[in-house]
Amino acid sequence: MVASEAQIREWLTQVTDPEIPVLTIEDLGILRDVRHGKDGVTVTITPTYSGCPAMMAIRMEIVRALREQGVERVRVEEVLSPAWTTDWLSQDGRAKLLAYGIAPPAGKAQRKSALFGEPDTVACPQCGSERTSRTSEFGSTACKAMYRCEDCLEPFDYFKCI
Amino acid sequence: MNTREQQQFEYLLRLGDSDLILGQRLSAWLGHAPVLEEEMATGNVALDLVGQARSWLSLAGELEAQGRDADRLAYFRDAFDYRNVLITERPNGDYAYTIMRQFLFDAYHYPLLQQLSGSAHEGIREVAAKSVKEVEYHVRRSSEWVIRMGDGTQESHQRIQAALDDLWMYTGEMLTPDDVDDALLEAGVGADLEQVAWSWHDRVRAVTEEATLTLPDESWMQQGGKQGRHTEHLGYILAEMQHLPRSYPDARW
């Protein structure tokens, strides 16, 4: 039996980002294409950051998830272009991030022309306050920055725009 | 490879090796950075640079078509085959020195990648368009730190001024084109270093002015990294970085 692309995408919802396990690769926008031809299934993904260490784990998870469903021949291809952007994060993904305690990206990922752009207004994922400040633009993973809420005083991660 | 391909190969090695060596240098701060936030920031920047290096060296290996992939090029070349700019192999020094080295490189790296995002070569265009988004964060951070240290305490001011004075002679090489740069610019593949230099000078002037630092006088500039003539430091970096794959060539994760 040849599985439809929709069916394969459904199976791939099992594959999550190992560093942010609430997000599927589709939520993150790194699943770019699924094709089913005579020589098996080809899944195309794109890295979030050039050095993202999760890519290897994600490739293995894709192969494992499809093998479990009886798809034996799986090829995972990596493309760089068009470059991944946080604008591809799904609405569903944004809601999941917030529920997980990570503030989703605020606004669009356009180029900042000024040397030091005004930092985005980021609402605290715990209490919703917009009185927050940035501790560092680099966080526990490449895609996150560190913030602190001035009202509830909780530190939190922000999924930064890129 | 014909002459044109040979020049492209050299150019890709320059891009990849500069990222790789600076990434390796920065990695040495892990576990030693002055505050936790900077520990993570330094690690993140190192990771971006090593990731970008892998992309550039993969392109170089494909072009050469001798079966060398990014790992092979990174781990099995000697210092005279490396093409990184000399500033990237400068020792880490104190944190002011690391930050100033980063700033002077970022201020070049960012406009370089902006230019390469419009390259006639598809692979170069794609890697540059991806990398420039990451480097935008790098240059903002290093600029902020230069200002914070320069306009900070007497001690931090003195240290970062000393770093600027010491590193200055390594900046000319990044901005001075040679035959390879000229040939690739003419082919529409490489960056216009004259424009990169304008952008670099603008940023360096603006940031150091706000940081109350004094730019060194025009002086003699070091050259050679892009042609494979390195300082004594590169050999030590490679010895550490290449030790494992050279001792155990078939080692796998």
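The shown structure was predicted, so the numbers you read here are calculated from the model rather than taken from an experiment.

Attention shifts here to the packing of helix 5 (residues 122–150) of chain B against helix 9 (residues 193–210) of chain B. Residues and elements named next belong to chain B. At a closest axis distance of 8 Å, the pairing of helix 5 and helix 9 adopts a crossing angle of 35°. In this structure, helix 5 crosses over helix 9, and the sense of that crossing is right-handed. Listed contacts from helix 9 to V139, S143, V146 and I147 of helix 5 are R203, V207 and E210. Among the residues making up the contact of helix 5 with helix 9, the classes are represented as four nonpolar, one polar and two charged.

Turning next to the sheet that holds strand 7 (residues 132–136) of chain A. Residues and elements named next belong to chain A. Read from one edge of the open sheet, four strands run 6-9-8-7, paired in mixed fashion. Looking at strand neighbours, the two that pair on one side only are strand 6 (102–103) and strand 7, the edges of this open sheet. Across four bridges, the pairing between strand 7 and strand 8 (residues 144–149) is antiparallel. Following the sheet pairing, R134 is matched in strand 8 by Y147.

To continue, consider the domain arrangement of chain A. Residues and elements named next belong to chain A. Domain annotation of chain A identifies domain 1 (5–84) and domain 2 (89–159). Using only C-alpha atoms to locate each centre, domain 1 and domain 2 end up separated by 26 Å. Domain 1 puts ten residues into the contact, and the matching count from domain 2 is 13 residues. For the pair domain 1 and domain 2, the two sides together bury roughly 990 Å², of which 71% comes from carbon and sulfur. Counting the surface domain 1 buries against domain 2, the share from its top three residues, I20, V22 and D27, is 48%. Taken together, the connections running from domain 1 to domain 2 amount to one salt bridge. The salt bridge involving D27 is made with K96; its shortest N-O contact spans 2.5 Å.

Quick look at the pattern of salt bridges now. In total, this model carries 26 salt bridges over all chains according to the counting rule given. Measuring nitrogen to oxygen at the nearest pair gives 2.6 Å for the salt bridge that ties R140 of chain B to E137 of chain A. Within this pair, whereas R140 of chain B is found in helix 5, its partner E137 of chain A is found in the loop between strand 7 and strand 8, the two belonging to separate chains. Comparing R140 of chain B with E137 of chain A shows no difference in burial state: the two are buried. Two residues, D181 of chain B and K226 of chain B, come together in a salt bridge whose shortest N-O distance is 2.9 Å. You can see D181 of chain B sitting in helix 8 (residues 179–186) and its partner K226 of chain B sitting in the loop between helix 9 and helix 10 (233–247), a full 45 residues away along the chain. According to the relative accessible area criterion, D181 of chain B is buried, its value standing at 6%. Taken together, the salt bridges that share partners define one network made up of R134 and E137 of chain A together with E136, R140 and E144 of chain B.

Residue and element names in this part refer to chain A. Strand order across the open sheet formed by three strands is 3-4-5, with mixed pairing between neighbours. The strands lining the two open edges of the sheet, one partner per strand, are strand 3 (31–37) and strand 5 (74–78). Strand-to-strand twist across the sheet, computed as the mean angle between neighbouring axes with direction ignored, equals 15°. Alignment of strand 4 (residues 40–45) against strand 5, held across five bridges, turns out to be parallel. Each bridged residue has a counterpart across the sheet, and for V43 the counterpart in strand 5 is V76. Strands in contact with helix 1 (residues 5–12) are strand 3 and strand 4; relative to strand 3, the strand with the most contacts, it is inclined by about 130°.

All names here are of chain B. Between helix 1 (residues 3–27) and helix 10, the shortest axis-to-axis distance is 11 Å and the interhelical angle comes to 75°. By the criterion of interaxial angle, the relationship of helix 1 to helix 10 is roughly perpendicular. Of helix 10, the residues touching helix 1 (which contributes L20, I21, Q24 and R25) are H233, L234, I237, L238, E240 and M241. Considering only residue class, the contact of helix 1 with helix 10 consists of six nonpolar, two polar and two charged.

Looking now at helix 9 of chain B. Residue and element names in this part refer to chain B. With 18 residues, helix 9 ought to run about 26 Å at 1.5 Å a step, and its terminal C-alpha atoms sit 25 Å apart, in line with that. On its buried side, helix 9 packs onto helix 4 (95–116), helix 5, helix 6 (154–167), helix 7 (172–175) and helix 8. If you check the start of helix 9, you find a side-chain oxygen 3.0 Å away from the backbone N of E194, and it comes from D192. Where helix 9 terminates, the next one or two residues include T212, which has phi positive at roughly 55°.

Here we take up the environment of I147 of chain B. Residues and elements named next belong to chain B. The topology assignment puts I147 in helix 5. By relative accessible area, I147 is classed as buried at 14%. In this structure the C-alpha to C-alpha distance between I147 and L213, which are 66 residues apart in sequence, comes to 8.8 Å.

Per the stated rule, a full pass over the model turns up seven aromatic pairs over all chains. Three or more aromatic residues link up through ring pairs in this structure, and these residues are Y49, W84 and F159 of chain A. Stacked on the ring of Y137 of chain B, the Lys or Arg K160 of chain A has its end atom at 4.6 Å from the ring centre. Over the face of the ring belonging to W145 of chain B we find R148 of chain B, whose NZ or CZ atom lies 4.4 Å from the ring centre.

Because each turn of an α-helix spans 3.6 residues, side chains separated by three or four positions in sequence point in the same direction. Residues and elements named next belong to chain B. All of the buried residues in helix 8 are V180, D181 and L184. Viewed along the axis of helix 8, the buried residues span an arc of 100°, placing them on a single side of the element. Along helix 8, the residues that are exposed and aim more than 90 degrees away from the buried face are D179 and E186. Taken together, the buried residues of helix 8 touch helix 1 and helix 9. At the N-terminal end of helix 8, a side-chain oxygen is found 3.1 Å from the backbone nitrogen of V180, two or three residues along, and the residue is D178. At the exit of helix 8 stands G188, carrying a positive phi of roughly 80°.

Conventions and cut-offs
- Residues numbered from 1 in each chain as written.
- Chains lettered and ligands numbered in written order.
- Predicted model: local features only at pLDDT ≥ 70, side-chain atom pairs only at ≥ 80, totals over all residues.
- Heavy atoms only, no water.
- Axes fitted to C-alpha atoms, helices over the stretch in contact; angles between N-to-C directions.
- Helix = DSSP H or I, 4+ residues; strand = E, 2+ residues; numbered from the N terminus.
- Left-handed = near helix turned anticlockwise from the far one by under 90°.
- Contact = heavy atoms within 4.5 Å.
- Nonpolar A, V, L, I, M, F, W, Y, C, P; charged D, E, K, R; others polar.
- Pairing = 2+ DSSP bridges.
- Domains from an automatic or database assignment.
- Buried area = accessible area lost by both parts, 1.4 Å probe.
- Salt bridge = Lys/Arg side-chain N within 4 Å of Asp/Glu carboxyl O.
- Buried < 20%, exposed > 50% of the residue type's maximum accessible area, 1.4 Å probe, protein only.
- Parallel < 35°, antiparallel > 145°, perpendicular 65-115°, else oblique.
- Expected span 1.5 Å × (residues − 1).
- Polar contact = N/O pair within 3.5 Å; in protein donor to acceptor, adjacent residues only side chain to side chain.
- Phe/Tyr/Trp six-rings, centres within 6.5 Å; stacked < 30°, edge-to-face > 60°.
- Lys NZ or Arg CZ within 6 Å of the ring centre and 35° of its normal.
- Arc of directions from axis to C-beta.

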